[in-house]
Structures are given as C-alpha cells and as structure tokens.
Amino acid sequence: MTTEKDLRVLAIILGGGKGTRLYPLTKERSKPAVPFGGKYRIVDIPISNCINSGFKKIYLLTQFNSASLHLHIINSYNFDRFSRGFVEILAAEQTLEHSGWYEGTADAVRKNFGHFKAQRPTHYIILSGDQLYRMDLKEFMDQHLSSGANITIAAKAVNREDASGFGIMQVDKTNNITAFMEKPAKDLNIDDWKIPEDMRTPDLPANLEYLASMGIYIFDADTMEEMLDNEFNDFGKEIIPMAIKEKKVASYIFNGYWEDIGTIKSFYEATLDLTNPVPNFNFYDEDKPIYTHMRNLPPSKINNADMTSSLASEGCVISNSRIQHSVIGVRSIINEGCDFNGVIMMGADSYENDENKKYNKRHKLPNIGIGKNCKINKAIIDKNARIGENCCINISGKHYDDGDHGLFYSADGIIVIRKGAVIPDGTVI
C-alpha cells in the first residue's frame, strides 16, 4: 500500500475539444482559457484546487486555440525551485509514435505517457478544465488510498431528469461501483440504479436518487497504464465501463456545489450567480484562494455610479452609470449615462493611450469599452469590444434565433458581443 511519504501525484487537466457549445467565447481561445468572474480564467479553478490540496505537478492537455491559455499559464503560475511544482501545457503534437490529434480524453492521456512517466507517478488525478467547484483533492486521495481501490470516481447525486445528461453509476453497500451507464434515455427505467438507502446521508435531498460521474478520477499509475493499453479513446464511454469489470472501482460522493459550464447559458448563469449575497461558488476563502494572473492594476474608479449586486474587477473606470446584477472585468471603461442589467463584461487586455484614441477618432472607431448612454441587458461582452455611444443591446424584447447574426451572436436569449467587436454609434440589437 502506498504511504503518504511515497505518494507522487500527477494532476492532469483535460482542456476539452473545440468548445462549440461555448462559441463564440471559444472562437479564439480554448474552453479553459475563457475569462470568468471578472479577473479569472476557468482553468484557474481546477489548478487552484490542486495547489490548495498540495498537488503541484499539473499538466494541461489541449489542442484547440491554445495560445491564449499558454500566455495565461506563463503569466500566472511560476513555482519556486524548492517546491518542484509546475503547471505545464501539453498541446497535441506529432511524434514518431503519434501523428494525429487527440481522439478523446483517454487518447490524450495515452499520447502523453512519455511526459508523465518521467515524473515516476504513483497516482494520477484526472480533472476537467471547464467545471466550477471547490474540492479537497487530498481528502479525495485519502479515501482512494484507504479503500484499496484501483480507481476512484468523484460522484454527484442528481435527480432523474438530470441523470440523462451524465454517466450514471450503480454502487453497492461498500461504495464500490458495480456498473456504469452513459447518459440513460429519459424514458428508460433505471430504478435499480438508485443510491442504496444505507448510503444516503441525512442532508441529501430525497429527489436526488442517482450518482452521476463528475468526470473526475483517481487512478493508480499502473492501473492507468494497463487500462489505456488499447485503442479506446474516451474515459466515460469506454475506459470506465471496462475497468469496472476488471478492477476495484470506488465512488467518492461530493456534496458541494458543482457546475459544468459547457454552454453559453450555464456560463452566463454561473457567472451572474457570483453577484448574489451568498453565491454558490465562494471566491472569498483566504485559506484556499483561487489563483490567477497578478496584473498589478490600480483600484477601480467609480465616478458617481449606482451599482447594485455587482462585481467590479481591478482597473475599471465607471462614470455616472447604473449597474445592476452584472460582473465587470478588468480594465473596463464604462462612460456616462449607461444602464446595465444582467451584463457580463470581460474587460480589456490593455488601456488605450492618447495616441490610440486620436487614431480611433480619425477612423471613426469607438474606444475600447462602452460609449456614453448605452443600455445593455442580458448580454456577454467579450474582451476588447468597442461599443459606441447611444447603443441599445437586448432592450427591445426582440427574439433572435440561436446563432450568428453578424455583429453579435445569440444563445438562449443571451446576446454575445464577440472579442474585439466594433459596434457603431446608435446600434440597436
């Protein structure tokens, strides 16, 4: 049995595929690199969970639009030489053994064994790069070690309706997983898959009857290598069902908040939830901070603005405007007379100097930020967008079909202004 002294853990964060459900936020960046909460990136959440749990050898596997993610990681995570920690991106690469892209989550891990084995790991923790949660991964690991399992899967209790969107696990009274079903059809009878009564805790709501895989795994290193010695490409659909038949696979029931932010709607709702008096996700834990790029920006300047239930990140200038239930990102410039309600503004990568502003004026371009007298409702404004004066966005109540509409993108009634977009004066969307 591996002791804590002998433990060598590698954390592997899966960057996901093309992120089509988060388009256009993923048009120029990978899902983990999408800005979140005003000053963070989504990837900061799993990385911080690892660091706060004492696991500081972290790999990110990605292959789509990885430049933005590379830049963020380089600027954010630099460990001292004594910790021997690192956060390293492994993008898909051609080698003498492999010439293609990652074909799935398991294939991505398999193709990087050459990098992983150099660290001589005893265990792997597999995490997703686009989930919002706080988890004590050390507690997760401690249960794995004490159970004697070869694999442990983090699980979340869900109701029958939500069960159809996840991989569902059948467990016995000793917490071992006996069967796995990927996304059962809504009309399929799965009563036999309910959580055993003696495993239910008093604080578990009665309607949460099934255990869903969170896509978070711990593998013994030799088990991982054995289970991937084949051509199967996906953990959830192929590797885990096979492993349950051959290995001891346990569940780790997680009772905290967890959100898979894979769509525009879920991203929008999870972000605006941060503005509530007691949000589901807590950034205000000094003992377990969420780490990100330290920008050394000045405090935000609020010039006679009315702000209610909103967050404003560093370096903003907000003048004589009304901001409700909104999240304002770094370096956001909001000019006089604006009215925001339910807006996520991601901010800017840099300030414009006087020379830039003169250039903008000559070429009739709005400055980066929001011009005077704009009214914006239920919208996401991606980084470096230029919105002119007297614009109205999502105010008229007009319905747009989901998809691309030229100047903007629509998804579930949410208007998305693309990164670097130019919205001329007087535009009505």
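Now for a quick tour of the structure.

Rules and cut-offs
All residue numbers here refer to positions counted from 1 along the written sequence of the relevant chain. Per-residue local features are limited, in this predicted model, to residues with pLDDT of at least 70; the limit for side-chain atom pairs, both in listing and counting, is 80 or more; totals at the level of whole chains, interfaces and linings are taken over all residues. Working from all heavy atoms in the structure, the side-chain values ignore hydrogens and water. Helix and strand labels come from DSSP, where a helix needs a run of H or I of at least four residues and a strand needs a run of E of at least two; each type is numbered from the N terminus. Each residue's exposure class comes from its accessible area (1.4 Å probe, protein chains only) as a fraction of the maximum for that residue type: buried when under 20%, exposed when over 50%, partly exposed otherwise. Two cysteine sulfur atoms make up a disulfide if the distance between them is within 2.5 Å. The contact definition used throughout considers only heavy atoms, calling two residues in contact when any of these lie within 4.5 Å. For two strands to count as paired, DSSP must find a minimum of two bridges between them.

Focus on unusual backbone geometry
- Look at the link from Tyr23 to Pro24: it is a cis peptide, with omega at 10 degrees.
- Inspection of the secondary structure assignment puts Pro24 in the loop between β1 (9-14) and β2 (35-36).
- Phi at Asn304 takes a positive value of approximately 55 degrees, unusual for a residue other than glycine.
- Tracing the chain through its elements places Asn304 in the loop between β14 (301-303) and β15 (306-308).
- The exposed category is assigned to Asn304, whose relative accessible area is 64%.
- Within the chain, Asn394 stands out as a residue other than glycine whose phi angle is a positive 60 degrees.
- Along the chain, Asn394 turns up in the loop between β25 (392-393) and β26 (403-404).

So, the state of the cysteines
- Scanning all chains against the criterion turns up zero disulfides.
- There is no disulfide at Cys338, and the cysteine sulfur nearest it, in Cys374, is 4.7 Å away.

Looking at the environment of Phe140
- Relative to the assigned elements, Phe140 resides in helix α5 (residues 137-147).
- Classification of Phe140 as buried rests on a relative accessible area of 0%.
- Every residue in contact with Phe140, bar those within four places of it in the chain, is listed here: Met135, Thr152, Ile153, Ala154, Ile216, Tyr217, Ile218 and Tyr252.

Points about the pairing of strand β23 (residues 375-381)
- Sheet topology places strand β21 (residues 339-345) next to β23; six bridges connect them, and they run parallel. Counterpart to Asn341 in the pairing with β23 is Asn377.
- Of the strand pairs in this sheet, β23 and β25 are connected by two bridges, and their pairing is parallel. Bridging from a neighbouring strand, Ile376 pairs with Ile393 of β25.
- Pairing analysis gives three bridges linking β23 to strand β28 (residues 414-417), with the strands arranged parallel. Opposite Ala379, over in β28, you have Ile415 as the bridge partner.

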